[in-house]
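# Overview (structure and organization)
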Amino acid sequence: MAYSKEEIIRKVHEEDVEFIRLQFTDIFGQLKNVAITASQIEKAVNNQIMFDGSSIEGFVRIDESDQYLYPDLDSFAIFPWRPSHGRVARLICDVYDPDGRPFVGDPRQVLKRALKKAEDLGFDAFNVGPEAEFFLFQTDDEGKPTTRTNDEAGYFDLGPLDHGESTRREICMALEQMGFEIEASHHEVAQGQHEIDFKYADALHTADNIMTFKLAVKTLAQKNGLHATFMPKPIFGINGSGMHTNMSLFRDGKNAFYDPDGPKGLSKEAYSFIAGLLAHVKGMAAVTNPLVNSYKRLVPGYEAPCYLAWSASNRSALIRIPAARGQATRVELRSPDPTCNPYLELAVCLAAGLDGIQRGLTPPPEVTENIFAMDAAARKAHGIDSLPGSLEEAICALEADPLILDTLGSHVASYYIEGKRKEWEEYRTRVSSWEREKYIINY
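Thresholds, definitions, all that
- Residues numbered from 1 in each chain as written.
- Predicted model: local features only at pLDDT ≥ 70, side-chain atom pairs only at ≥ 80, totals over all residues.
- Heavy atoms only, no water.
- UniProt positions renumbered as here; feature names shortened; annotations may be inferred.
- Helix = DSSP H or I, 4+ residues; strand = E, 2+ residues; numbered from the N terminus.
- Expected span 1.5 Å × (residues − 1).
- Buried < 20%, exposed > 50% of the residue type's maximum accessible area, 1.4 Å probe, protein only.
- Contact = heavy atoms within 4.5 Å.
- Pairing = 2+ DSSP bridges.
- Phe/Tyr/Trp six-rings, centres within 6.5 Å; stacked < 30°, edge-to-face > 60°.
- Lys NZ or Arg CZ within 6 Å of the ring centre and 35° of its normal.
- Axes fitted to C-alpha atoms, helices over the stretch in contact; angles between N-to-C directions.
- Parallel < 35°, antiparallel > 145°, perpendicular 65-115°, else oblique.
- Left-handed = near helix turned anticlockwise from the far one by under 90°.
- Nonpolar A, V, L, I, M, F, W, Y, C, P; charged D, E, K, R; others polar.
- Arc of directions from axis to C-beta.
- Disulfide = S-S within 2.5 Å.
- Patch = residues over 30% accessible without salt bridge, like charges linked within 9 Å, V, L, I, M, F, W, Y side chains within 5 Å.
- Areas by Shrake-Rupley, 256 points an atom, 1.4 Å probe, with all protein chains shown as cover.
- Salt bridge = Lys/Arg side-chain N within 4 Å of Asp/Glu carboxyl O.
- Core = buried A, V, L, I, M, F, W, Y, C linked by side-chain atoms within 4.5 Å.

- Looking at an unreviewed UniProt entry, one finds the protein chain named Glutamine synthetase, with Candidatus Anaerotruncus excrementipullorum as its source organism.
- UniProt, in its Subcellular location (unreviewed entry) section for the protein chain, records the words "Cytoplasm".
- Per UniProt, the protein chain carries the Catalytic activity (unreviewed entry) text "L-glutamate + NH4(+) + ATP = L-glutamine + ADP + phosphate + H(+)".

Now the structure itself:
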């Protein structure tokens, strides 16, 4: 929806909206908000609402803490899960410095800069369709999450086996009321695991949608006494949750990845985009897979990709080209997980692909065999490399990739790396239950 300031002010009064949440995302992908009352809506749409940026991790230093929220008027939506009187609406905002310049540490700006680069290269749209998976767990008597699912359903199962089904349906209905077009909603491979796919959109809109989606899933699960988590690998021994990311570039309204006469119906740009992703995917990993836990998902045997290869059909490859052609031609990167900051994730994916196009890179030959079934020697013979095996390795790969650092910008990159190093250090020095079970008696 496109709204004017006047329409938003009118809607707030007509629809009995009591609070408006001005939302933005910090560099680690956490949704933040400044809540205002309806009486402040005029100030809000005129970019006059301030907040203290020094209280947000990775934002600003204490001596320059005032920042302004500039709402994206098209993002106005009323939360359907709140009561019908005294309703709550939201606006997604860009963060600006007091001098009227976009704040360099705002993840939304990082993505906007990457999109501007695509535009300068003659592309008028970067469309993205995400497939975010999550688990629904039961809570204990104190409302704390357990890892019990109360669910015996499997992939695409229906009916009484799938206890999360009604919650999933409720989430779909709420999202549709907020303007989402839900394309598919189903049970995933693991117990308690679900996926809801919504229609692709331009990258900025998609990143906003991912943040809204995560909020809706968590809020409605909690309302139904369940806990939703996007943690990549909550349970050892079963599949983890990913966020496959389907991407396509458009030029003059036509899909730039499609060429009916090209090999496999793909254009030279599509192949270069794939090659660019493969060239930078290690450097991107700390962004696309940002947690210590992310690397517990990226292991062989659970359908998650861990080897650098591409294929038109092979689901064990990191990059897959789904069968659709014409305007629906797309490149699917299968490594990202839903804990990533979507603005940063889409910015680095786009930058990597554009780098491939600008440099005219060509990808290695397609791998059609099951990579999981190959041993190390066979992978080496195919020239198949691996993704980083830990967050620490991913941070080092990020520091070694000038393009990805440049895409994030020095402010975001330095704070991001510092935050992730802290996280790794905390994990590395913590004694786990595995260590106690393994060593406390024997030694």
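Now that the structure has been shown, the text picks up again.
## Some remarks on the UniProt feature "binding site: L-glutamate" (unreviewed entry) in the protein chain
- On the UniProt side, "binding site: L-glutamate" (unreviewed entry) is annotated at positions that read Asn 239, Gly 240, Arg 297, Glu 303, Arg 315 and Arg 334 here.
- With respect to the secondary-structure elements, Asn 239 resides in the loop between strand E11 (226-229) and strand E12 (243-251).
- Along the polypeptide, Arg 315 turns up in the loop between strand E15 (310-311) and strand E16 (319-320).

## Notes on helix H12 (residues 410-429)
- Over its 20 residues, H12 extends 28 Å from the first C-alpha to the last, a length consistent with the 28 Å expected when each residue adds 1.5 Å.
- All of the buried residues in H12 are His 411, Val 412, Ala 413, Tyr 416, Ile 417, Gly 419, Lys 420 and Trp 424.
- For H12, the elements touching its buried residues are helix H3 (107-120), helix H6 (268-288), helix H8 (342-358), helix H10 (391-399) and helix H11 (402-408).

## Points about the pairing of strand E1 (residues 17-25)
- Bridging between E1 and strand E6 (residues 87-96) involves six bridges; their strand directions are parallel. Paired with Ile 20 across the two strands is Ala 89, which belongs to E6.
- Bridge analysis of E1 against strand E2 (residues 31-37) gives seven bridges, and the strand direction is antiparallel. The partner of Phe 19 across the bridge, within E2, is Thr 37.

## So, the packing of aromatic side chains
- Per the stated rule, a full pass over the model turns up 17 aromatic pairs.
- For the pair Phe 135 and Phe 137, a centre-to-centre distance of 5.5 Å together with 15° between the ring planes defines the contact as stacked.
- Given the relative accessible area of 0%, Phe 135 is considered buried.
- On the accessibility criterion, Phe 137 (3% relative accessible area) is buried.
- Between Trp 434 and Tyr 439, the ring centres sit 5.7 Å apart and the planes meet at 85°, which makes this aromatic pair edge-to-face.
- Through successive ring pairs, a cluster of aromatic residues spans Phe 134, Phe 180, Phe 198, Phe 213 and Phe 230.
- For the cation-ring pair, Lys 214 lies above Phe 230, with the distance from its terminal atom to the ring centre recorded as 6.0 Å.

## A look at the packing of H10 against H12
- Where H10 meets H12, the axes come as close as 10 Å, and the angle between the chain directions of the two elements is 160°. With respect to their mutual orientation, H10 and H12 come out roughly antiparallel. Here the hand of the crossing between H10 and H12 comes out left-handed. Taken together, the residues of H12 that come into contact with H10 (itself represented by Leu 391, Glu 392, Ile 395, Cys 396, Leu 398 and Glu 399) are Tyr 416, Ile 417, Lys 420, Arg 421, Glu 423 and Trp 424.
- Of the residues contributing to the contact of H10 with H12, the split by class is seven nonpolar, no polar and five charged.

## Concerning unusual backbone geometry
- Unlike most non-glycine residues, Asp 16 shows phi in positive territory, near 55°.
- Of note, Asp 16 is situated in the loop between helix H1 (5-14) and E1.
- Exposure remark for Asp 16: the relative accessible area of 38% places this residue in the partly exposed category.
- Residues other than glycine seldom take positive phi values, yet Lys 264 does so here, at roughly 60°.
- Mapping Lys 264 onto the fold places it in the loop between strand E13 (254-255) and H6.

## Thoughts on helix H4 (residues 165-177)
- Under the 1.5 Å per step criterion, the end-to-end length of H4 is 19 Å for 13 residues, consistent within 8% with the ideal 18 Å.
- Taken together, the buried positions of H4 are occupied by Thr 167, Arg 168, Ile 171, Cys 172, Ala 174 and Leu 175. Viewed end-on, H4 has its buried residues packed into an arc of 165°, placing them on one side of the element.
- Tucked inside the fold, the buried residues of H4 contact strand E7 (125-138), strand E8 (182-187), strand E9 (193-198), helix H5 (203-223) and E11.
- At the exit of H4 stands Gly 179, carrying a positive phi of roughly 95°.

## Considering the state of the cysteines
- This structure, assessed with the given rule, holds zero disulfides.
- Here Cys 340 stays unpaired: no disulfide links it, and the sulfur of Cys 349, its closest cysteine neighbor, is 8.2 Å away.
- Under the relative-accessibility criterion, Cys 340 is labelled buried at 1%.
- In this structure Cys 396 is a free cysteine whose sulfur lies 19 Å from that of Cys 306, the closest cysteine sulfur available.
- With a relative accessible area of 40%, Cys 396 lands in the partly exposed category.

## Considering a nonpolar patch on the surface
- Where nonpolar side chains cluster on the molecular surface, the patch consists of Trp 434, Tyr 439 and Tyr 443 and spans about 450 Å² of accessible area.
- The topology assignment puts Trp 434 in helix H13 (residues 433-439).

## Section: the nonpolar core
- Residues Leu 249, Leu 277, Met 284 and Ile 319 are the most contacted members of the largest nonpolar core, which totals 66 residues.
- Ignoring any residue separated from it by four or fewer positions in sequence, one finds Met 284 in contact with Leu 277, Leu 333, Val 348, Cys 349, Ala 352 and Ile 404.
- Core analysis: the next-biggest nonpolar cluster, separate from the first, contains 28 residues, Leu 136, Ile 196, Phe 198 and Phe 213 among them.

## So, the side chain of Asn 255
- Topologically, Asn 255 is positioned in strand E13.
- Accessibility expressed as a relative area gives 6% for Asn 255, which makes it buried.
- Excluding its chain neighbours within four sequence positions, the residues that come into contact with Asn 255 are Ser 248, Leu 249, Phe 250, Gly 326, Gln 327, Ala 328 and Thr 329.

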